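Read off the chains here:
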Amino acid sequence: MKKSDDYQKILFSSLNETARKTFILTIILWSLLALNTDYNYFNIFKDNLAKYFGKSIEKKREIAYGKEYYDFLVFAKEKLPKEPVKFGLISSYYAPHLQARIYLVPHIISDHKKKDVSYLLVFKPTQEQSTERYDFSPFAKLDNNRYIMKRTK
Amino acid sequence: MILLIKLMFTLAVPILLGYCVIALISKTKLRISCLERFSLSWGAGIGLLGLGMFTMSLLGISLNLPTILIPSLIVIIILAFYLLANRIPIFDMAAILKFFISIVRIKNIKSRWQAIAEIILILLIALTIAHVFFDALVKPLLNFDDLWRQGCIAKIIFSTGKVFTEQSVELAGPHPYLNPLSQAWIYMGLGVWNDALGKIIFPLCFASLVFIFYGGVRRYTGRFHALLFTYLLTALPLIVYHAGTAYSDLMQTFYYSAGIIYLFHWMNSRNDPDLYFSAILLGIGNFVKQTGIPLWLIATVVLIIFLLIEDKRKLKQSGSFILISTIISSPWLLGPKSSLVSYLRLYSGKLLSLVTTSANTASTIQPSEPLAYPPPTIMDILIQLSKRMFTYADWQLLWFVLIAVIVVKWQKIIVSKLKYLLISIILFFAMMVYIFSSYGIYRFLLDGTLVHRAMMWQAPVALYLIAIALLYDDRF
């Protein structure tokens, strides 16, 4: 009986020792992964440093939104009335409404097919979008691919 | 330069507000470090300021710099006078001195190698915090939710002085407002819409989480171990990534994790301020995301289980916890736009439709549209969750090590107060399974858009359990 107890004690202590060593090894491995993550942070830091550091907030938005689109949003902000209006947006770009929505606040972006939308922003439309008939007429033009229309009916 | 000075003043208001509240709760000398005190002040301060702004908006008061600053300063002055009149220490000079001495003098070190390792860990943690601040502040809002919801609502509040406009209500849906209100406060302080600087609240929440985590581990273990696990926390890529965006998930992670850590402190020390800190942080958490309410409920259940097992006579403590956190979050919980009201409406509606449907004949039920995939079973959810936990780099070895620690240290966990941390983790995953069992939400588990963010809320608590359980001794 005593021999069996001793055997169990030795077994458990050896298991504990093995578990302890395994944990130490795992934490070392984890720390190496963490160092690799730090290296990734460093690469992100370098990218952001080159892209944005030392620039004005307007310049940063220009980089983030794309210069052509940012210029158009600045143009739209100047041309739209002072009081909040609803506007629509059509473009061949993917999800252009995200930047327009925030940049043109307090104006409200909405579906241009809705009757309460007073203005339509057109930025680089597709062939179909540029030939489609809308209930809007030209209002202000930055160039042939970037213009604002106003609802007529 | 002027913008930076304005930013400092803007940040000073919530920090001072939080500092006075924390000092008032502590009454006697706080047994926490300077960094932890700053972190608590920031968390409590920005949360209370946001709730104040929300309450003012409910009362129809327009939000602008003077209407927010003047009442805030009055509250800060009244609290400061009360603290002075009652001789409650506002500044613990000894703690401040100790903090600066500890930076330059590394004591109680067993070997030179340990000293070098500690210095390296401090540098790595500091560099990550610096990186997070740089990453957040150097670029404007870029991510989907930042532009589409949180950042946009913040700009609406800044531009119109109102929380509830046609556009903001549509954008917010049932989501709480702390994130956009905090950003709006920064814009008001700066006097200009600067979406890069507006994001400073997120790195501050990250730094606060790191300091509270370090302080939390340090209470029970040596400095090297606390630094090592704090470093592992700062190396979890998803947390660092979110600290540079304007999503609400990092804030939710901070309030929930810090709240649970202080709850655990209270279970060990029965030092009442720890319970009140926990109640404040978890109460503010209700105002960050919709999920703040279930997370707060998890903490409340854990507290009640603790009191039932350890000390039934002190059940009223759970009452004070619930009361404080409810009062803190009452403008949101009980206000007209609250999630709680929405939940109640939703579930009473569901109950009503269930009763109506069962009362009608089967012929009245319309055939539904064909499903894109079969409704999930619990096994489906567990398999998908496991995939996300164990095969993505976001978590490194976190969940593997957690399971290994639970298995190996099971007996020690179960006899100690660590079991309450474990219960909170189990309840959290039960909540995840319940949430994802809904057909509409299950797709967010399949496409990964929500599940990783949800796991992030719990990740610091899981790492905290690992850190303490691995260094377990008989103190618990």
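In this report, we go over the structure that sits alongside the text. (Residues numbered from 1 in each chain as written. Chains lettered and ligands numbered in written order. Predicted model: local features only at pLDDT ≥ 70, side-chain atom pairs only at ≥ 80, totals over all residues. Heavy atoms only, no water.)

Section: the overall build of chain B
So, step 1. If you tally the helices and strands in chain B, you get 22 helices and 0 strands.
So, step 2. Counting all 476 residues of chain B, 56% fall into the buried class.
So, step 3. The contacts of chain B with a sequence gap of at least 6 include a subset with a gap of at least 24, amounting to 79%.
So, step 4. Here chain B has roughly 20200 Å² of accessible surface; of this, 70% comes from carbon and sulfur atoms. (Helix = DSSP H or I, 4+ residues; strand = E, 2+ residues; numbered from the N terminus. Buried < 20%, exposed > 50% of the residue type's maximum accessible area, 1.4 Å probe, protein only. Contact = heavy atoms within 4.5 Å. Areas by Shrake-Rupley, 256 points an atom, 1.4 Å probe, with all protein chains shown as cover.)

Overview of the environment of Glu118 of chain B
Residues and elements named next belong to chain B.
So, step 1. Summarising the element assignment, Glu118 is placed in helix α5 (residues 112-138).
So, step 2. Residues Glu118 and Arg223, 105 residues apart in the sequence, show an inter-C-alpha distance of 7.9 Å.
So, step 3. Of note is the side chain of Glu118, whose polar atom sits 3.2 Å from the side chain of Arg223. (Polar contact = N/O pair within 3.5 Å; in protein donor to acceptor, adjacent residues only side chain to side chain.)

Digging into the side chain of Lys289 of chain B
All names here are of chain B.
So, step 1. Positionally, Lys289 belongs in the loop between α13 (272-285) and α14 (292-310).
So, step 2. Here Asp249 takes part through its side chain, which lies 3.4 Å from a polar atom of the side chain of Lys289.
So, step 3. Excluding residues that lie within four positions of it along the chain, Lys289 makes contacts with Pro176, Ser248, Asp249, Gln252, Arg453 and Trp457.

A look at the packing of aromatic side chains
So, step 1. Across all of its chains, the model carries 31 aromatic pairs over all chains by this definition.
So, step 2. Seen from their ring centres, Phe428 of chain B and Phe429 of chain B are 5.4 Å apart, and the 90° between their planes marks the pair as edge-to-face.
So, step 3. Judged by its relative accessible area of 16%, Phe429 of chain B is buried.
So, step 4. Through pairs of rings, three or more aromatic residues link up here, namely Tyr69, Phe72, Phe75, Tyr93 and Phe123 of chain A.
So, step 5. Over the face of the ring belonging to Tyr103 of chain A we find Lys77 of chain A, whose NZ or CZ atom lies 4.9 Å from the ring centre.
So, step 6. In this structure, Arg270 of chain B is placed above the aromatic ring of Trp266 of chain B, and the distance from its NZ or CZ to the ring centre is 5.7 Å. (Phe/Tyr/Trp six-rings, centres within 6.5 Å; stacked < 30°, edge-to-face > 60°. Lys NZ or Arg CZ within 6 Å of the ring centre and 35° of its normal.)

Describing the interface of chain A and chain B
So, step 1. Counting residues at the interface gives 36 residues for chain A, matched by 47 residues for chain B.
So, step 2. Where chain A abuts chain B, roughly 3500 Å² becomes buried across the two surfaces, and 73% of that area is made up of carbon and sulfur atoms.
So, step 3. Here Lys86 of chain A and Glu166 of chain B are joined by a salt bridge, their closest N and O atoms 2.8 Å apart.
So, step 4. Mapped onto the side of chain A that touches chain B, the elements with two or more residues apiece are α1 (2-52), α2 (57-65), α4 (97-103) and β2 (108-109) of chain A.
So, step 5. The dominant element in the side of chain A that touches chain B, judged by the number of residues it contributes, is α1 of chain A, at 18 residues.
So, step 6. For the side of chain A that touches chain B, the class distribution of residues is 25 nonpolar, 6 polar and 5 charged. (Buried area = accessible area lost by both parts, 1.4 Å probe. Salt bridge = Lys/Arg side-chain N within 4 Å of Asp/Glu carboxyl O. Nonpolar A, V, L, I, M, F, W, Y, C, P; charged D, E, K, R; others polar.)

Side note on the pairing of strand β3 (residues 119-123) of chain A
All names here are of chain A.
So, step 1. Within β3, 5 of the 5 residues are buried, which leaves it mostly tucked inside the rest of the structure.
So, step 2. Side chains Tyr119, Leu121 and Phe123 of β3 all project onto a buried face; the interleaved residues Leu120 and Val122 project onto the opposite face, where all are buried too.
So, step 3. Sheet topology note: the strand β1 (residues 86-91)/β3 ladder contains 5 bridges and is parallel. Of the residues in β3, the one forming a bridge with Ser91 is Phe123.
So, step 4. Summarising the sheet, β3 and strand β5 (residues 146-151) pair through 5 bridges and their orientation is antiparallel. Its bridge partner lying in β5, Phe123 is registered against Arg146. (Pairing = 2+ DSSP bridges.)

A short note on the packing of helix α2 (residues 34-58) of chain B against helix α12 (residues 249-269) of chain B
Helix-helix packing is described using two parameters, namely the angle between the two axes and the distance between the axes.
Residue and element names in this part refer to chain B.
So, step 1. Between α2 and α12, the shortest axis-to-axis distance is 12 Å and the interhelical angle comes to 125°. When the axes of α2 and α12 are compared, the pair comes out oblique. Crossing angle aside, the handedness with which α2 passes α12 is left-handed. For the pair α2 and α12, contact is made by Glu36, Ser39, Leu40, Gly43, Ile46 and Gly47 and by Phe254, Tyr255 and Tyr262, respectively.
So, step 2. Class assignment for the residues of the contact of α2 with α12 results in 5 nonpolar, 3 polar and 1 charged. (Axes fitted to C-alpha atoms, helices over the stretch in contact; angles between N-to-C directions. Parallel < 35°, antiparallel > 145°, perpendicular 65-115°, else oblique. Left-handed = near helix turned anticlockwise from the far one by under 90°.)

Things to note about the side chain of Lys199 of chain B
Residues and elements named next belong to chain B.
So, step 1. Counting through the fold element by element, Lys199 comes out in the loop between α8 (178-190) and α9 (201-218).
So, step 2. Despite its burial, Lys199 pairs with no opposite charge; the closest candidate is Asp146, at 6.0 Å N-O.
So, step 3. At 2.9 Å, the side chain of Lys199 and the backbone oxygen of Ala136 are in polar contact.
So, step 4. Reaching out from Lys199, the side chain makes a polar contact with the backbone oxygen of Lys139 at a distance of 2.8 Å. (Lys, Arg positive; Asp, Glu negative; His and termini not counted.)

Observations concerning helix α15 (residues 316-333) of chain B
All names here are of chain B.
So, step 1. The end-to-end C-alpha distance of α15 is 22 Å, clearly below the 26 Å that 18 residues give at a rise of 1.5 Å each.
So, step 2. Along α15, the helix axis deviates most sharply at Ile327, where the bend reaches about 45°; the proline Pro331 sits within four residues downstream.
So, step 3. Among all positions in α15, only Gln317, Ser318, Phe321, Ser325, Ile328, Ser329, Pro331, Trp332 and Leu333 are buried. (Expected span 1.5 Å × (residues − 1). Bend = angle between axes of the 7 residues up to and from the residue.)

A short note on the environment of Ala469 of chain B
Residue and element names in this part refer to chain B.
So, step 1. When you line up the elements, Ala469 lands in helix α22 (residues 451-470).
So, step 2. Along the backbone, Ala469 and Val407 are 62 residues apart, and their C-alpha atoms lie at a distance of 11 Å.
So, step 3. Beyond its immediate stretch of four places on either side in the chain, Ala469 contacts Val405, Lys409, Ile413 and Leu418.

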